[in-house]
Amino acid sequence: MSLISLKNASKDFGIKILFEDLNLNIEKKDRLGLIGPNGSGKSTLLKVIAGIEPLMDGIRTAQSKLSICLVNQNQNRNTNKSVLEEVLDGCGKKREILIRYKNISETIAKEATSEKLIKELGRISEIMDKEEVWTLEQQCTEIINRLGINDLNKPINELSGGFKKRVALASALVSQPDILLLDEPTNHLDAHAIEWLQKWLKNYHGSIVLVTHDRYFLDIVTQRMLEVNNGITKKYNGNYSQYLLSKIEEEKSEIASNNKFKNILKKELKWLKKGVKARSTKQKARIKRIEEMKNNKPILKEEPLDIKSNTKRIGKVAIEINNLTIKSISDNNQKTLINSFTYSFRPDDRVGIIGPNGSGKSTILNKIYNRSNIDQETIKIGETVNIGYLDQYTNTLNEEKYLNKKVIEYIEESSYNLVLDNCKVSASKLLENFLFSPSKQHGKLKNLSGGERRRLALCKLLMSGPNVLLLDEPTNDLDINTLSILEDFIHKFTGCVIIVSHDRFFLDRTVNRIFNFENRNLVRYEGNYTEFLNQKELKNKKLRGIKQINNTQQNKNFLKEKESTDNLAINNKNNKIAKKIRRRTFKQSKELEEINKELPKLEEKRILLESMISSSNSDITKISIELAAVIDMIDKAETRWLELSDMSN
Ligand SMILES: Nc1ncnc2c1ncn2[C@@H]1O[C@H](COP(=O)(O)OP(=O)(O)OP(=O)(O)O)[C@@H](O)[C@H]1O
Ligand SMILES: [Mg+2]
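Residues numbered from 1 in each chain as written. Chains lettered and ligands numbered in written order. Predicted model: local features only at pLDDT ≥ 70, side-chain atom pairs only at ≥ 80, totals over all residues.

What to know about the overall build of the protein
Just so we agree on the cut-off: Working definition: helices are DSSP H or I runs of at least four residues, strands are E runs of at least two. Numbering for both runs from the N terminus. Exposure classes come from backbone-placed C-beta atoms, where a residue is buried if 20 or more other C-beta atoms lie within 10 Å of its own, exposed if 12 or fewer do, and partly exposed in between. With C-beta atoms placed from the backbone, a contact is any residue pair whose C-beta atoms sit within 7 Å.
Regarding its fold elements, the protein presents 23 helices and 20 strands. Looking at the protein as a whole, 32% of its 649 residues qualify as buried. Here the contacts in the protein between residues at least 6 apart in sequence split such that 71% fall between residues at least 24 apart.

As structure tokens, this is what we get:
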């Protein structure tokens, strides 16, 4: 028997049918991906499978004692429990066993030991062995850390939406349910966390139903697909790549049948024109068929979104940042997030900011936008600059006052009209361009799907006619269709665009300069994301190169040779530009020579100290301190070597 079955299941919210007559079984170890455009009903279907959203028609059956865990697309949980407590709560039965064990142990320690209690303790210990309960707290901490949350004691109600989502995900993973239902789990996760999660899910013993716009993730985790589109559901075997292949085949046969359809139609029309009178039933039937065919319009593909940008001219510099240092406020130690960042954003810049979770990517966008506690010299904004800021969690949409507002009211709050290319565009027209049907425009904000919310936030942002865009993880929740429209829009946008994103494809298509967080510094790379990766690999190769040759005599020659081959390798257009700008001065050339001499000596010292540590009669503490200092010096010298060798003579 299947774990969960839907029979002839149908669902609509009054206006639009999301799915109809759906038969779906969730089996043991199932790996099902739900796929479809924004607003098609994926999240609703997940809730139906979970049993928390009622069906309009049809039946849902589930095996008894089945454990199901749903991680919703948006998380608004408010409790003053700490992160760790909340995640431990997710452990359900296991946590109860742990608490029971602790209680009995305490009773036995305090009171005269009863044989019954000792037996019970033995029984519980056995269960704990079997279910790996002893290390429960450790397991939770590990998963929490892997998902990029460092502060285990922070109360949930002080967390942002993205962090709440990660806590809910951690909680679901530790609870190890029979069925795991995940709605956009990779939103807000960095590349490391995503990779870890995808491996974890691949080995998961239970069943998984997954909704994600991350095509790589979908490809790796799932083994079959259910497409939900315009009220029609279709099943496909295989992962996302196989699904795409099937779609191509379908499209081919659709074209063939469309052509066939057209040919029949042509023939029939010709026959009609001949003026044959519709007397016999056979002829009447024929005419009826033609009428039906004419009325049977092809399936409506969604109208493409065409938004032109309206920008005021910006002067020479859009935003100038001088020596910006930001310390983390959530951290008691006041850890430095960004160290002395200086850069002038030009009016037509296309810049991506990347880095691991918690490195400060959103903070820098936020600082540019709000400039709280920042003096005017540190961040200077051009006079005619009008910033449009899309925050990571579309926070304003979650505010209580907006939940019952109508979509159109929310947009009209900014302005009734927008001037685009010297034409007045009404809020309603703009919403239509953003694929909001008239009925959707009069729907409430709280009922919008994840992608619709994101689309609405973009729409609101454009109502103010910005000429600088600050986009924080703009691709979260967007379907492929909307994504390519957004990419296109950025391409046509004439102002400055600064994007924080972990979406490699999106960055490849939208930016030509990257700032990567490295040791609290924003390090600049010319080119898009793929070019950034190539340059990083080259850097790593260089580092490995230095290490290998440090023990040889010819390091100087080698470094010179290597430098020239590397220069050849970095021959893409952007690097040439970068090199033109950054020339090595005489002093810097001398410095590079010095480092070339110094590095082998430092390496020798490191090897010596390491061998001293392993000999029995040495003062380990003293040598360890000295060794740490030498390693630090090597690190610094290597970093500087890379900087200097990246410049041209
Ligand atoms: N409670 C509700 N009342 C009315 N309409 C709703 C309600 N919940 C969802 N909808 C609408 O139903 C449709 C499907 O929503 P759902 O959240 O399931 O879409 P989705 O496929 O998950 O979209 P996305 O990819 O954007 O997350 C949307 O148009 C949404 O606005
Ligand atoms: Mg959804």
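Let's talk about the packing of helix α3 (residues 93-110) against helix α4 (residues 115-131)
Under the convention used in this document: Inter-axis angles, ranging from 0 to 180 degrees, are taken between N-to-C directions of lines fitted to C-alpha atoms, where helices are fitted over the stretch in contact. In a left-handed crossing the near helix is turned counterclockwise from the far helix by less than a right angle, and in a right-handed crossing that turn is clockwise. All amino acids are sorted into three groups, where Ala, Val, Leu, Ile, Met, Phe, Trp, Tyr, Cys and Pro are nonpolar, Asp, Glu, Lys and Arg are charged, and the leftover types, Gly among them, are polar.
Interhelical geometry of α3 versus α4 gives an angle of 145° and a closest axis separation of 10 Å. For α3 against α4, the interelement crossing comes out left-handed. Contacts from Lys94, Ile97, Arg100, Tyr101, Ile104, Ser105, Thr107 and Ile108 of α3 reach α4 at Leu117, Ile118, Glu120, Leu121, Ile124, Ile127, Met128 and Glu131. By residue class, the composition of the contact of α3 with α4 is ten nonpolar, two polar and four charged.

Some details on the nonpolar core
Rules: In this usage, the nonpolar core is the set of buried Ala, Val, Leu, Ile, Met, Phe, Trp, Tyr and Cys residues whose C-beta atoms join them within 7 Å.
Residues Leu34, Ala170, Leu181 and Val209 are the most contacted members of the largest nonpolar core, which totals 58 residues. Top element by residues in this core is helix α6 (residues 161-175). It accounts for eight residues. The residues touching Val209, leaving out its near neighbours within four places in the chain, are Ile26, Leu32, Leu34, Leu46, Ile49, Ile179 and Leu181. Grouped together as the second largest cluster of nonpolar side chains are 35 residues, Leu365, Ile368, Ile498 and Phe506 included.

Examining the sheet that holds strand β20 (residues 521-526)
Applied cut-off: Any two strands with at least two DSSP-identified bridges between them are counted as paired.
Taken together, six strands build an open sheet; the order of strands is β14-β17-β18-β12-β19-β20 and the sheet is mixed. In the strand order of this sheet, the two ends are held by β14 (387-390) and β20, each with one partner. For this sheet, the mean angle separating the axes of adjacent strands, direction not counted, is 15°. Here strand β12 (residues 350-354) runs beside strand β18 (residues 496-500); their pairing, made up of four bridges, is parallel. The residue bridging Arg350 from the neighbouring strand is Val497, located in β18. Relative to the sheet, helix α11 (residues 361-370) contacts β12, β14, β17 (468-472) and β18, its axis offset from that of β17 by approximately 150°.

Re helix α16 (residues 450-463)
Here is the rule: The span you would expect from a helix comes to 1.5 Å times its residue count less one.
Its 14 residues give α16 an end-to-end C-alpha distance of 20 Å, which sits within 8% of 20 Å, the value for a rise of 1.5 Å per residue. Gly465 lies just past α16 and shows a positive phi near 55°.

Here we look at the pairing of β17
Judged by how many residues are buried, β17 sits mostly within the fold: five of five residues are covered. Covered by surrounding structure in β17 are Val468, Leu470 and Asp472 together with Leu469 and Leu471, the residues of both alternating faces. Both β14 and β17 contribute to a ladder of four bridges, which runs parallel. Residue pairing in the sheet places Leu390 in a bridge with Leu471 of β17. In this sheet, β18 lies alongside β17 in parallel orientation, the contact comprising five bridges.

Describing the site of ligand 1
Basically, it comes down to this: By definition, a residue lies near a molecule or strand when the C-beta atom built from its backbone is within 6 Å of it.
Around ligand 1, the structure places 19 residues, and the nearest of them are Asn38, Ser43, Thr44, Ser449 and Gly451. When residues of the shell around ligand 1 are traced back to their parent elements, those giving at least two are α1 (42-50) and α16. By residue class, the composition of the shell around ligand 1 is three nonpolar, twelve polar and four charged.

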